[in-house]
Amino acid sequence: DAGVTQSPTHLIKTRGQHVTLRCSPISGHKSVSWYQQVLGQGPQFIFQYYEKEERGRGNFPDRFSARQFPNYSSELNVNALLLGDSALYLCASSFGGDYYGYTFGSGTRLTVV
Amino acid sequence: AQTVTQSQPEMSVQEAETVTLSCTYDTSESDYYLFWYKQPPSRQMILVIRQEAYKQQNATENRFSVNFQKAAKSFSLKISDSQLGDAAMYFCAYRFLQGGSEKLVFGKGTKLTVNP
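Summarised in this report is the structure supplied together with it. (Residues numbered from 1 in each chain as written. Chains lettered and ligands numbered in written order. Predicted model: local features only at pLDDT ≥ 70, side-chain atom pairs only at ≥ 80, totals over all residues. Heavy atoms only, no water.)

A few words on the overall build of chain A. From N to C terminus, chain A includes 0 helices and 11 strands. Scanning chain A from its N terminus toward the C terminus, one meets helices and strands in the order β-β-β-β-β-β-β-β-β-β-β. Scaling as 2.2 N^0.38, a compact globule of 113 residues should have a C-alpha radius of gyration of about 13 Å, and chain A matches this with 13 Å. Projected onto its principal axes, the C-alpha coordinates of chain A cover approximately 40 × 25 × 25 Å. The buried share among the 113 residues of chain A stands at 50%. For chain A, the exposed area adds up to about 5300 Å²; of that, 50% sits on carbon and sulfur atoms. Of the charged side chains in chain A, 10 are positive and 8 negative, and the gap between their average positions amounts to 8 Å. (Helix = DSSP H or I, 4+ residues; strand = E, 2+ residues; numbered from the N terminus. Rg over C-alpha atoms; globule rule 2.2 N^0.38 Å. Buried < 20%, exposed > 50% of the residue type's maximum accessible area, 1.4 Å probe, protein only. Areas by Shrake-Rupley, 256 points an atom, 1.4 Å probe, with all protein chains shown as cover. Lys, Arg positive; Asp, Glu negative; His and termini not counted. Charge placed at Lys NZ, Arg CZ, Asp CG, Glu CD.)

Put into C-alpha cells, the structure is as follows:
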C-alpha cells in the first residue's frame, strides 16, 4: 500500500507569494492533519480535517487555510508568504478517533526568500 | 496546557549498547496516548512505539521499550542493542483531544548519534 504522499517535495517562493501544498492520505484514512516543523524544533499543529470538515486549528494566522476533498486528499494554502514561513510542512493521516497513531508523509520543504 | 519536554538535545551511544531518551509531559487528563517518533534525514516521521495511559504495562517493540511513570508524568524510551540505523532525531509526542479534534503535541526532540 502507498504511504502518505506529499507534493511537491521542495519549493522556493518569494515573500508575498501564495503557495499550495498537497497531501494524499493512506487509503481508508479519513483524517488528515498538517504540521509545521521549523528547523531544530518539533512539529507544530496547524490543522486537522476529518470527513472533509475542519476539526481543529492551531495557533496560526488566517494566512493559513486548508481543505479536504471527497477522496480525503488535502491541500494547505499559505497566502502572503513571510520569511518565517520557511519550514518543513508535514501531513499525517489516520483513521480518525483511534489510538493507532498517525502515519506521516516525507513533507514539503518550503523556503521563502 | 499540554506540554512535552525533552531535556536532552543530543545523545550518543556506542553500537550494540543501550541508551535511554527522556521525556516528561504535563496534562490534567487521566486517559491519553503517548508516542515516540523517529525522524531520520529522510524527514519522514516514523512511529517507534505507543503507550496508552490506562495500561500500566510498559510498551515494547523489539529493541525499543518505554518506561512509563504516570504519576511522575514521565515517558522515557530505551533502545537496546543500538544500531547505526537508529541514528536520527527522536520526538516524544502527546495525543491531545479537544472538542472532537485531535492533535499531537511534540517535544523539541533529541538527536541520537550511534558511534561504530
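From this point, things continue past the structure.
Further remarks concern the interface of chain A and chain B. Each partner contributes to the interface: chain A provides 27 residues, whereas chain B provides 21 residues. Inspection of the chain A/chain B interface yields 0 salt bridges. Linking chain A with chain B are 11 residue pairs in polar contact (both at pLDDT 80 or more), by the criterion used here. Going through the elements one at a time, strand 4 (31-37), strand 5 (44-50), strand 6 (53-57), strand 9 (87-94) and strand 11 (108-112) of chain A are the ones with two or more residues in the side of chain A that touches chain B. (Contact = heavy atoms within 4.5 Å. Salt bridge = Lys/Arg side-chain N within 4 Å of Asp/Glu carboxyl O. Polar contact = N/O pair within 3.5 Å; in protein donor to acceptor, adjacent residues only side chain to side chain.)

What follows covers the pattern of salt bridges. All names here are of chain A. Counting across every chain of the model gives 10 salt bridges over all chains. The salt bridge partner of E51 is K30, with a shortest N-O separation of 3.4 Å. On the criterion of sequence distance, the pair formed by E51 in the loop between strand 5 and strand 6 and K30 in the loop between strand 3 (19-24) and strand 4 is long-range, its members being 21 residues apart. A single network of salt bridges, built from pairs that share partners, joins R22, R67 and E75.

Residues and elements named next belong to chain A. If you trace the 4 strands from one edge of the open sheet to the other, you get 1-3-8-7, paired in antiparallel fashion. Each end of this open sheet is capped by a strand with a single partner; those strands are strand 1 (5-7) and strand 7 (64-68). When strand polarity is set aside, the average angle formed by the axes of neighbouring strands in this sheet is 15°. Bridge count between strand 1 and strand 3: 3 bridges; the pairing is antiparallel. Bridge pairing in strand 3 links T5 to S24. (Pairing = 2+ DSSP bridges. Axes fitted to C-alpha atoms, helices over the stretch in contact; angles between N-to-C directions.)

For the structure on display, the rule yields 2 disulfides over all chains. A sulfur-sulfur separation of 1.8 Å characterises the disulfide bridge that pairs C23(A) with C91(A). Between C23(A) and C91(A), the S-S dihedral sits near -65°, and the bridge is therefore left-handed. In this pair, C23(A) sits in strand 3 while C91(A) sits in strand 9, placing the two residues 68 residues apart along the sequence. Between the sulfur of C23(B) and that of C92(B) lies a disulfide, 2.0 Å long from S to S. (Disulfide = S-S within 2.5 Å.)

The next thing to look at is unusual backbone geometry. Of note, the bond from S7(A) into P8(A) is cis; its omega dihedral lies within 30 degrees of zero at -10°. At R43(B), a residue that is not glycine, the phi angle is positive and equals roughly 85°. Along the chain, R43(B) falls in the loop between strand 5 (33-39) and strand 6 (46-52). Take R43(B): its relative accessible area is 12%, and that puts it in the buried class.

Residue and element names in this part refer to chain B. Counting buried residues along strand 5, 7 of its 7 residues qualify, which places the element largely inside the surrounding structure. Alternating residues of strand 5 divide into Y33, F35, Y37 and Q39 and L34, W36 and K38, and every residue in both groups is buried. Where strand 5 meets strand 6, 6 bridges bridge the pair, whose relative direction is antiparallel. When the bridges of strand 6 are listed, W36 appears paired with I49. Between the end of strand 5 and the start of strand 6, which pair antiparallel, lie 6 residues, with R43 showing a positive phi angle near 85°. The pairing of strand 5 with strand 10 (residues 88-98) spans 7 bridges and is classified as antiparallel. Residue pairing for strand 10: Q39 is matched across the bridge by M89.

Remember, this is a structural readout, not a statement about activity or role.
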